[in-house]
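Breakdown of the fold
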Amino acid sequence: MASLLFSPLTIKNRTFKNRIVISPMCQYSAEDGFANNWHLVHLGSRAVGGAGLIIQEATAVSPEGRISPEDLGIWKDEHVQKLKEINAFILSQNAIPGIQIAHAGRKASVSAPWKGNKKLDKTQGGWQTVSASAIGYHDEEQTTALDQNGIQKVVTDFKAAAKRAVDAGFQVLEIHAAHGYLLHQFLSPLSNERTDKYGGSFENRIRLTLEIVEAVQTEWPLDLPLFVRISASDWAEGGWNLQESIQLAAILKQKGVDLIDVSSGGLVSHQKIAVGPNYQVSFSENIKKGADIKTSAVGLITEAQQAETILQENQADLIMFGRESLRNPNLPLDFAALLNDDIQWPKQYERAK
Ligand code: FNR
């Protein structure tokens with residue numbers, strides 16, 4: 001019998017040929033936000049390797065929304081051309097190209113991991129960061145609370161990014177509201193101490209995320225899948241939690257969001273994460289069942305049977321692979337063999353099957 005991992009899934013007007021997704025992963029290899037041949041080869045290899053959906057790394061909606069100066073961006077029309085070329089290649093391999101659009105908020109302006117992941121000041125090519133409140137990620141860090149105009153600009157930037165994503169030929173759009181970046185900074189009471197309509201109650205803390213979903217939907221075609229990545233828990237006392245995640249997911253479903261990409265953590269440095277295989281899968285299962293919405297599971301899922309069991313147990317609809325897909329770009333081709341699924345290989349590689 002065919003596995004669930006290699007069975008297709010249709011969301012709105014798109015069918016993924018299997019349930020394997022390449023999780024968005026920053027490459028810190030862009031200049032001024034522009035994609036280049038690194039991104040083409042990195043993403044292209046994983047399309048050749050058989051993934052159904054490939055989600056491009058957190059792509060900044062504005063220059064100040066980048067994590068590092070080398071993040072991909074989609075804040076100007078000139079960014080579109082190379083992305084279009086990459087997407088055409090991904091589509092030629094019968095895979096679907098997706099994009100994660102993002103704003104890093106207070107976690108912006110740091111150097112790439114291999115340059116030390118250090119906060120950059122203006123003399124080092126860094127910039128002033130913004131957040132929900134003037135509370136730095138680390139105590140010694142300083143950030144500026146967005147005013148009403150600043151919030152409006154963020155919403156407009158996400159909307160413009162969605163329009164460019166359409167122009168670039170992406171077929172799945174994911175809004176990044178996880179990992180302690182700007183939208184998560186508004187969601188969590190640990191980083192949001194606002195007293196206006198964007199802070200305080202649950203309804204106020206989720207307001208910016210909902211406004212962005214609505215703005216994006218004015219540009220993103222209604223027949224293409226729309227995902228939101230959230231952190232289901234801050235793993236810290238008094239933080240954003242699973243119950244709020246389920247509530248938010250139910251509201252997002254009402255608004256027309258198709259899938260919640262369920263991750264966790266990243267908001268505060270004192271988080272205590274219980275890391276291990278499948279460590280975020282129960283969050284996915286609870287959100288899927290609690291809000292009656294499709295979910296993807298991610299986080300230390302590294303084996304074929306492990307992924308298959310998550311699907312069999314109805315804990316998620318899609319499985320995302322991060323680091324394991326960096327180790328092995330042909331992970332889907334290998335997993336199909338392990339699960340005895342006879343999938344099509346790229347014709348150029350057939351003699352290796
Ligand atoms: C990531 N991750 C990540 N997440 C995200 O939402 N947007 C991003 O741009 C990135 N960037 C990124 C870069 C690199 C190099 C890594 C390793 C990870 C997190 C990633 O998508 C995934 O959720 C985690 O890595 C957990 O899954 P794995 O790696 O255990 O399969």
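Residues numbered from 1 in each chain as written. Predicted model: local features only at pLDDT ≥ 70, side-chain atom pairs only at ≥ 80, totals over all residues. Heavy atoms only, no water.

The name given to the protein chain in an unreviewed UniProt entry is NADH:flavin oxidoreductase/NADH oxidase, with Flavobacterium agrisoli as the source organism. Turning to the protein chain, the UniProt record has this under Cofactor (unreviewed entry): "FMN". (UniProt positions renumbered as here; feature names shortened; annotations may be inferred.)

1. Some details on the overall build of the protein chain
In terms of regular secondary structure, the protein chain is built from eleven helices and twelve strands. By the burial criterion, 59% of the 353 residues in the protein chain qualify as buried. In the protein chain, the proportion of contacts linking residues at least 24 apart, taken out of those at least 6 apart, comes to 72%. Computing the positive centroid from 35 side-chain charges and the negative centroid from 40, the protein chain places the two 3 Å apart. (Helix = DSSP H or I, 4+ residues; strand = E, 2+ residues; numbered from the N terminus. Buried < 20%, exposed > 50% of the residue type's maximum accessible area, 1.4 Å probe, protein only. Contact = heavy atoms within 4.5 Å. Lys, Arg positive; Asp, Glu negative; His and termini not counted. Charge placed at Lys NZ, Arg CZ, Asp CG, Glu CD.)

2. Examining the side chain of Ser245
Within the element layout of this structure, Ser245 appears in helix H7 (residues 242–255). Here Ala232 takes part through its backbone oxygen, which lies 3.0 Å from a polar atom of the side chain of Ser245. Contacts of Ser245, omitting those with residues within four sequence positions, involve Ile230, Ser231, Ala232, Trp240 and Ile287. (Polar contact = N/O pair within 3.5 Å; in protein donor to acceptor, adjacent residues only side chain to side chain.)

3. Quick notes on the site of the ligand
Around the ligand sit 15 residues, and of these Ser23, Pro24, Gln100, Leu300 and Arg323 come closest. Within the backbone of Pro24, an N or O atom sits 2.8 Å from an oxygen atom of the ligand. Taking Ala58, its main chain carries an N or O atom lying 3.0 Å from an oxygen atom of the ligand. Here the ligand loses 82% of its free accessible area of 610 Å² to cover by the protein chains. Among the cavities detected, the one that contains the ligand is the largest pocket. Here the shell around the ligand is built from residues that sort into seven nonpolar, six polar and two charged. (Near = heavy atom within 4 Å. Areas by Shrake-Rupley, 256 points an atom, 1.4 Å probe, with all protein chains shown as cover. 1 Å grid on protein atoms, 1.4 Å probe; cavity = no way out; pocket = protein on both sides within 12 Å on 5 of 7 lines; lining within 4 Å. Sits in = over half its atoms within 2 Å of the grid points. Nonpolar A, V, L, I, M, F, W, Y, C, P; charged D, E, K, R; others polar.)

4. Considerations on the nonpolar core
Residues Leu173, Ile175, Val216, Ile260 and Ile287 are the most contacted members of the largest nonpolar core, which totals 86 residues. A total of seven residues in this core trace back to one element, the largest contributor, which is helix H3 (residues 148–167). Leaving out residues up to four positions away in the same chain, Ile287 has contacts with Ile230, Ala232, Leu242, Ser245, Ile246, Ala249, Ile260, Val262, Asp292, Ile293 and Thr295. Residues Ile11, Ile55, Ile96 and Leu259 belong to the second largest nonpolar core, which totals 13 residues. (Core = buried A, V, L, I, M, F, W, Y, C linked by side-chain atoms within 4.5 Å.)

5. A closer look at the UniProt feature "domain: NADH:flavin oxidoreductase/NADH oxidase N-terminal" (unreviewed entry) in the protein chain
In the numbering adopted here, UniProt assigns the feature "domain: NADH:flavin oxidoreductase/NADH oxidase N-terminal" (unreviewed entry) to residues 5–334. When the span residues 5–334 is considered, its composition is 33% helix and 16% strand, and the gap between its end C-alpha atoms is 12 Å.

6. Quick notes on the pairing of strand S10 (residues 259–263)
Of all five residues that make up S10, five are buried, and the element is covered over most of its length. Residues Leu259, Asp261 and Ser263 of S10 are buried on one face, and the alternating residues Ile260 and Val262, pointing to the opposite face, are buried as well. Judged from the five bridges that link them, strand S9 (residues 226–231) and S10 form a sheet pairing that is parallel. When the bridges of S10 are listed, Ile230 appears paired with Val262. Each parallel crossover has a hand, and the one from S9 via H7 to S10 is right-handed. (Pairing = 2+ DSSP bridges. Right-handed = clockwise from strand over helix to strand, strands pointing away.)

7. Thoughts on empty space enclosed by the protein
Counting across every chain of the model gives two cavities of 30 Å³ or more. If you trace the largest cavity, you find it lined by Ile22, Ser23, Met25, Gln27, His39, His42, Leu43, Ile55, Gln56 and Glu57. Elements with a minimum of two residues in the lining of the largest cavity: helix H1 (37–48) and strand S4 (53–60). Here the lining of the largest cavity is built from residues that sort into four nonpolar, five polar and one charged. (Points joined across faces, edges and corners; volume = space filled by probe spheres on them.)

8. Considerations on the environment of Asp167
Following the sequence through the fold, Asp167 ends up in helix H3. Note: C-alpha distance between Asp167 and Val80 (87 residues apart in sequence) is 7.0 Å. Residues within four places of Asp167 in sequence aside, it is in contact with Val80 and Lys84.

9. Section: the sheet that holds strand S8 (residues 172–177)
With respect to topology, eight strands assemble into a closed barrel ordered S3-S4-S5-S8-S9-S10-S11-S12, the strand pairing being parallel. The average angle at which neighbouring strand axes cross in this sheet is 30°, direction not considered. Note that strand S3 (residues 20–22) and strand S12 (residues 318–321) share three bridges and pair parallel. Pairing of Ile20 across the sheet is with Ile319, part of S12. Those strands touched by H7 are S9 and S10, and its axis lies near 170° from that of S9. Strand contacts of helix H8 (residues 281–291): S9, S10 and strand S11 (294–297), with the helix running at about 180° to S11, the strand carrying the most contacts. (Axes fitted to C-alpha atoms, helices over the stretch in contact; angles between N-to-C directions.)

10. A closer look at the packing of aromatic side chains
Counted according to the given criterion, the structure contains five aromatic pairs. When the ring of Tyr28 is compared with that of Trp114, the centres are 5.8 Å apart and the planes differ by 90°; the resulting orientation is edge-to-face. Of the two residues, Tyr28 sits in the loop between S3 and H1 while Trp114 sits in the loop between strand S5 (96–102) and strand S6 (130–131), which places them 86 residues apart along the sequence. For Trp114, a relative accessible area of 58% puts it in the exposed group. Taking 5.5 Å as the distance between ring centres and 70° as the angle between the ring planes, the aromatic pair formed by Trp235 and Phe283 counts as edge-to-face. (Phe/Tyr/Trp six-rings, centres within 6.5 Å; stacked < 30°, edge-to-face > 60°.)

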